[in-house]
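Understanding the architecture of this molecule
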Amino acid sequence: AYNTGSRSIIIGEEELQKFYCRITKQLMGKEHGHDVIDSLQRLHLIMASTKYTRRLPVELHDRLLSLCVSSSVEQLTVLTSAVLRETLPPSGPGQIYTLHDHSPLPSHTAALMLSQAESKEDLSALSSLLLRSLEGRPAGILSHLHTLPLLNTIITYCPESLTEDHVTLLSKRLVEWLRYASVQQGGVASSGGFFTGPRIRQPGPVVELDGCVCGDFFTVLCVSQAFSDDQWMNLYSFSLLRHWLITYHNVTDGNNSTDADDRSEVDGSVVSMVSATSSSSRLLPPKERLREKSFQYCQRLIEQSDRRCVYRAFPCVKSLFGRLNSDLSCSRVLLPIAQFYLNHGETAAVDSECVWRCVFGVLPAECFNDPYLAHETLSFIRANQLQLHSSVPLYTHYFPSLLKFLAWDSPGLVSDYVDVLPSLVTAGTAVELLHSLLDLPCLTAALTLQLRSACFPVSEPGGRGLSSLEAFRSPAHRGLFLFLLRGEAGSGDTMDRLSVLHDLLMEAADWSRVIQSAQSVPVLLHVYFNTVTTISDERLLAQLVLVLLERSSLLLNIPKYTAEIHRVFSHHLLKLCKLHPSLVVDQSRELLEFAGTTTNIHSKEDLYTHVVWVLGEYLSVSFDSRCSVDLVTSCFEALEAVLFEITSSGSPSPRVVTSLLSALAKLASRSHDLIPRVSLFLSKLRSGAVSWCGSEEDVVAVVTRGEELWSLLKLPSVALSVLTPPSLATSPRWHRDANATLPPRLRTLTGLTHTR
């Protein structure tokens, strides 16, 4: 089965043969209309979709071949060439080269011949045919222009298919095209009318990049309103030149030794400069003469590259931007203009703020649902991140607008934002950006409502029925949605009534686009935190810890979303505190408040256990000299109260209980007056007072941890060194290194001392 737009083709072998016959009869006619084009399109689809290459009936093949060679209709030529490239010649490989009788050789026919060549001899014959067309003056530019790309393809796959005569001939023609192209602008076709005639201004000379009249020979860097045929061949020849020289001009000629050839490479520049100004250059062999002219050409390009075209071009580019910046249908054209301003704005000392406001602010806000603009904008940012940071200070200021692309099409763009997001994280944007990432599903819902509100007025049935849409249109909630849809940073890190917004968007939690947006947030949060930890600003990091605690309760209620965000928060809270242990003392009040709220245990167990762990691990004078006995005691008492509360009422999680026990033991080892209090609870565990455990496995886990801690606390000095080991003992961690001898020794000693 083959699908062609609105209809499908299910065709068997018998029906296929009938189809061949019908096309053959159609091609017998003198005129070939839409029915022939439609049949050829179906035939090409069938040929291209077949697993094995087919061989067409001889008569049909010949008629397609004749049409490919002789038709003046471009669409027919392209279609017949495409069909024939999917088939085998009727009489085996090599037979198609009987086309040498057709002159000039059409480009599609030559491409067909190249696709069906199966041997070096076939390619050599085709090369001869192509090079023969270069010997005389072309009937039209296409008869020469298609030759060089085809020859380039041939020498890529089989350079030995060109004989020495072929190389000599093309070397001569390349010299002519590279060095002796016209320096007059090509003629522009007249549109006719009253002013047609001799009074029309004749084409002037080509100019340099800076606007001066060309004072030397033509190159690819010359500027012209229109190019002549020989100038086009100059451009094509230069594109082929490097490949040609590498393929055919690096071989030692004749009896010259390798040393002599090496010397010619080293001294080539000197020889070329001398021969370039000498009439003896024309007496050199064609290959050597091409090398000399190539050297001259490259020298000329280097000289042209020093000319500045920026100042003359800026008024034109500025005028173009002024015409297009208000036309959203031309939004993708503005990105090359932005690239021009980025590359040359500083050189020309022009104000480009309006360009960046348009590209990074207006376009993402107005065209967030344009996938092509999104892809090209992100590609532009990825390619210029370093330059944007140094030259465009406002770039990070527009991150709320740039996030709209991601909010609308998270699955398609999340990989791009993994690369782009680090460039948006700065000390000034970090906090607001974190809030924006957490609110990304809300932004997706707001963009959906914005489009729906614009497409369906209130008077139409489609504009009613959604409570969230009514809230979006309500003046009472307008401020919430305006903040969410803001285009620039700096108006505040987050909003006061965030929980109200979540209630208004409750029905959006099961929209597929919102769910997809939520799925991308954990990935981007990992990228965000890995980037923000490289900023050496402890005040900023302390603020981020507060955001983690606060936003753990303020998330849009999407299935699995909250749990995933808590998991990311837990992971990076540990990393932040490990890198900067003083954060625990700085934010001890907020951390203790979080740990002392028992409701957090049930709704945020993963984050809660990690907060308890960092309090027990880093609230120590060995990490921060500001950690006083009073602070340790107040933390101990808060965690102790929670432990007694959860074990006396309900069935707490063993994970939470063991985390609290470990934290209390660590704190007690640093203030020995607290040891009796935690030992009392541990002794109760040893006596079997664990009725609050739900299973035998939980009982074993809790009791085992309790016995270990109780045994340590009987020896306070040992407990301190084990529960709060000095950095020398923890890094390097020899007892965990599988390649060291310490682990097996410890296991051996344990086995010897273990009672049997």
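Data block above holds the structure.
To keep things clear, this report deals only with the structure shown in the data block. The structure displayed is predicted, hence computed values, not measured ones.

1. Brief notes about the packing of aromatic side chains
For the coordinates displayed, the defined rule picks out 18 aromatic pairs. Ring centres 5.8 Å apart and planes at 80 degrees place the aromatic pair Trp 613 and Tyr 618 in the edge-to-face group. According to the relative accessible area criterion, Tyr 618 is buried, its value standing at 6%. Ring plane angle 90 degrees and centroid distance 5.4 Å describe the contact between Phe 644 and Phe 681, whose orientation is recorded as edge-to-face. Placement of Phe 644 in helix α33 (residues 629-648) and of Phe 681 in helix α35 (residues 675-686) is noted, with a sequence separation of 37 residues between them. In this structure, Arg 42 packs its charged tip against the face of Phe 19, placed 5.3 Å from the ring centre. Between Arg 300 and the ring centre of Phe 217, over which it is positioned, the NZ or CZ distance is 5.8 Å.

2. A short note on the nonpolar core
The biggest cluster of nonpolar side chains holds 153 residues, and the ones touching the most others in it are Phe 360, Leu 525 and Tyr 528. Other than its neighbours up to four places away in sequence, Phe 360 contacts Phe 380, Ile 381, Leu 388, Tyr 395, Tyr 398, Ser 401 and Leu 402. Core analysis: the second largest hydrophobic core is formed by 28 residues, Leu 130, Cys 158, Val 167 and Tyr 297 among them.

3. Topic: the packing of α33 against helix α34 (residues 654-670)
Geometrically, a packed helix pair is captured by the angle between its two axes and the distance between the axes. As a packed pair, α33 and α34 sit with axes 10 Å apart at the nearest point and diverge in direction by 150 degrees. Regarding the angle of α33 to α34, the classification is roughly antiparallel. Of the two elements, α33 crosses α34, and the hand of that crossing is left-handed. Residues Val 632, Cys 635, Phe 636, Leu 639, Glu 640, Val 642, Leu 643 and Ile 646 of α33 lie in contact with α34, whose contacting residues are Val 656, Val 657, Leu 660, Leu 661, Ala 663, Leu 664, Leu 667 and Ala 668.

4. So, empty space enclosed by the protein
Evaluation of the coordinates by the stated rule reveals two cavities of 30 Å³ or more. There is about 110 Å³ of room inside the largest cavity. Lining the largest cavity are 13 residues; nearest its centre among them are Ser 436, Asp 439, Leu 443, Leu 484 and Arg 486. Listed by contribution, the elements that provide at least two residues to the lining of the largest cavity are α19 (399-408), α21 (430-438), α22 (440-455) and α24 (478-484). Among the elements that make up the lining of the largest cavity, the one with the highest residue count is α21 (three residues). Class assignment for the residues of the lining of the largest cavity results in six nonpolar, three polar and four charged. Taken as a whole, the second largest cavity holds about 30 Å³ of empty space. In terms of lining residues, the second largest cavity is bounded by Phe 636, Glu 640, Leu 643, Phe 644, Leu 664, Arg 677, Val 678 and Phe 681. Per-element accounting of the lining of the second largest cavity gives the leading share, four residues, to α33. A breakdown of the residues in the lining of the second largest cavity according to their chemical character gives six nonpolar, no polar and two charged.

5. Remarks on the side chain of Thr 647
Tracing the sequence through the fold places Thr 647 in helix α33. Residue Thr 647 is classed as buried on the basis of its relative accessible area of 13%. Polar contacts involving the side chain of Thr 647 include one to the main-chain carbonyl oxygen of Leu 643, which spans 2.7 Å. When sequence neighbours within four positions are dropped, the list of residues in contact with Thr 647 reads Pro 652, Phe 681 and Trp 692.

Definitions and limits used
- Residues numbered from 1 in each chain as written.
- Predicted model: local features only at pLDDT ≥ 70, side-chain atom pairs only at ≥ 80, totals over all residues.
- Heavy atoms only, no water.
- Phe/Tyr/Trp six-rings, centres within 6.5 Å; stacked < 30°, edge-to-face > 60°.
- Buried < 20%, exposed > 50% of the residue type's maximum accessible area, 1.4 Å probe, protein only.
- Helix = DSSP H or I, 4+ residues; strand = E, 2+ residues; numbered from the N terminus.
- Lys NZ or Arg CZ within 6 Å of the ring centre and 35° of its normal.
- Core = buried A, V, L, I, M, F, W, Y, C linked by side-chain atoms within 4.5 Å.
- Contact = heavy atoms within 4.5 Å.
- Axes fitted to C-alpha atoms, helices over the stretch in contact; angles between N-to-C directions.
- Parallel < 35°, antiparallel > 145°, perpendicular 65-115°, else oblique.
- Left-handed = near helix turned anticlockwise from the far one by under 90°.
- 1 Å grid on protein atoms, 1.4 Å probe; cavity = no way out; pocket = protein on both sides within 12 Å on 5 of 7 lines; lining within 4 Å.
- Points joined across faces, edges and corners; volume = space filled by probe spheres on them.
- Nonpolar A, V, L, I, M, F, W, Y, C, P; charged D, E, K, R; others polar.
- Polar contact = N/O pair within 3.5 Å; in protein donor to acceptor, adjacent residues only side chain to side chain.

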